[in-house]
Amino acid sequence: MRAGTLAPVDIPASPAPAAASPTTLEQFLSGVSARAFRFAELGLRHREDALDAVQDAMARMLGYRDRPAAEWTPLFWSVLRSRIIDVQRRRTFRLTWLSDVRDPDGGEIDWADEATPDPARAHDGREAWGKLAQALRGLPARQREAFTLRVLEELDVESTAKIMGCSEGSVKTHLFRARDALQKQLEDFR
């Protein structure tokens, strides 16, 4: 979404996929890192776990350096998604053994966009992203993944289905339900 565009929910501009494909894996990882962190943080609801998951996914991608650049995007998101699921499973297992340990679900994330010159617009963008992130957290995991990959990452249905490990029809169903739920939750925010 461009900075000057008005929309019902104004999400802070994250680095959009470049028009030209990255030529090196390092360029690709550099371009996807902020979006990957946001995706992981929404799924894990814990900043440090999200950073670890993204770092692990990026480290694993180094083994795929020789693959064609066209395969990096779906491969990276598949690896990251698998890592997020692993962390969630380990956390659930740990919590069953350690009953006094609780899932850390607090702490505000600083989504400050230093490139935005207008403080009011930056505040509105952070507030809008906070509301969207909160609404996304309330969605079932599959709907949240479908929405994030299709809308925020702008991946096509085929790539999203490959990443999520389901059919294209399931992706469309999850996305429809996510949009419907988000629209109902964010109606008052406009």
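Residues numbered from 1 in each chain as written. Predicted model: local features only at pLDDT ≥ 70, side-chain atom pairs only at ≥ 80, totals over all residues. Heavy atoms only, no water.

In the annotation of an unreviewed UniProt entry, the protein is listed under the name RNA polymerase sigma factor and assigned to Luteimonas kalidii. According to its UniProt record, the protein has this under Sequence similarities (unreviewed entry): "Belongs to the sigma-70 factor family. ECF subfamily." (UniProt positions renumbered as here; feature names shortened; annotations may be inferred.)

Q: Which parts of the structure should I look at to understand the pattern of salt bridges?
A: Two side chains that carry opposite charge are able to pair once their charged atoms sit near each other. Here the structure, examined in full by the defined rule, presents 8 salt bridges. A salt bridge links R65 to E26, with the nearest nitrogen and oxygen atoms 2.5 Å apart. Of the two residues, R65 is situated in the loop between α2 (47-61) and α3 (69-97) and E26 in helix α1 (residues 25-44); the sequence distance between them amounts to 39 residues. For E26, a relative accessible area of 42% gives the class partly exposed. A salt bridge links E153 to R35; the nearest nitrogen and oxygen atoms lie 2.7 Å apart. Of this pair, E153 sits in the loop between α5 (141-152) and α6 (157-164) while R35 sits in helix α1; the two residues are 118 residues apart in sequence, bridging distant segments of the chain. The same class applies to E153 as to R35, namely buried. (Salt bridge = Lys/Arg side-chain N within 4 Å of Asp/Glu carboxyl O. Helix = DSSP H or I, 4+ residues; strand = E, 2+ residues; numbered from the N terminus. Buried < 20%, exposed > 50% of the residue type's maximum accessible area, 1.4 Å probe, protein only.)

Q: Looking at this structure, how should I read the nonpolar core?
A: Inside soluble globular proteins, nonpolar side chains tend to come together where they are buried. Ranked by internal contacts, the top residues of the largest apolar core, which has 43 residues, are F28, M61, F76, W77 and L80. Secondary-structure elements contributing two or more residues to this core are α1, α2, α3, α4 (119-137), α5, α6 and α7 (168-186). The dominant element in this core, judged by the number of residues it contributes, is α1, at 10 residues. In contact with F76, other than residues within four places in its own chain, are F28, L29, V32, A36, A57, M58 and M61. (Core = buried A, V, L, I, M, F, W, Y, C linked by side-chain atoms within 4.5 Å. Contact = heavy atoms within 4.5 Å.)

Q: Looking at this model, I keep getting lost on the packing of α1 against α2. Mind explaining?
A: Angle between the axes and distance between the axes: these two values describe a pair of packed helices. Orientation of α1 relative to α2, taken along the N-to-C sense of each, is 145°, at an axis distance of 8 Å. By crossing handedness, the relation of α1 to α2 is classed as right-handed. Where α1 abuts α2, its residues L25, F28, L29, S33, A36, F37, A40, E41 and L44 lie against R47, D49, A50, L51, A53, V54, M58 and M61. A per-class count over the contact of α1 with α2 returns 13 nonpolar, 1 polar and 3 charged. (Axes fitted to C-alpha atoms, helices over the stretch in contact; angles between N-to-C directions. Left-handed = near helix turned anticlockwise from the far one by under 90°. Nonpolar A, V, L, I, M, F, W, Y, C, P; charged D, E, K, R; others polar.)

Q: How should I be thinking about unusual backbone geometry in this particular structure?
A: As a rule of thumb, non-glycine residues mostly have phi less than zero, and peptide bonds are mostly trans rather than cis. One non-glycine residue with positive phi stands out, namely R45, at about 60°. Within the element layout of this structure, R45 appears in the loop between α1 and α2. With relative accessibility at 28%, the residue R45 sits in the partly exposed group. Phi is positive for E154, which is not a glycine, with a value near 60°. Inspection of the secondary structure puts E154 in the loop between α5 and α6.

Q: When you look at the side chain of E145 in this model, what are you seeing that I'm missing?
A: Its place among the elements puts E145 in helix α5. Of the residues examined, E145 reaches a relative accessible area of 10% and is grouped as buried. Not counting chain neighbours up to four residues away, the residues in contact with E145 comprise F39, R81 and M164.

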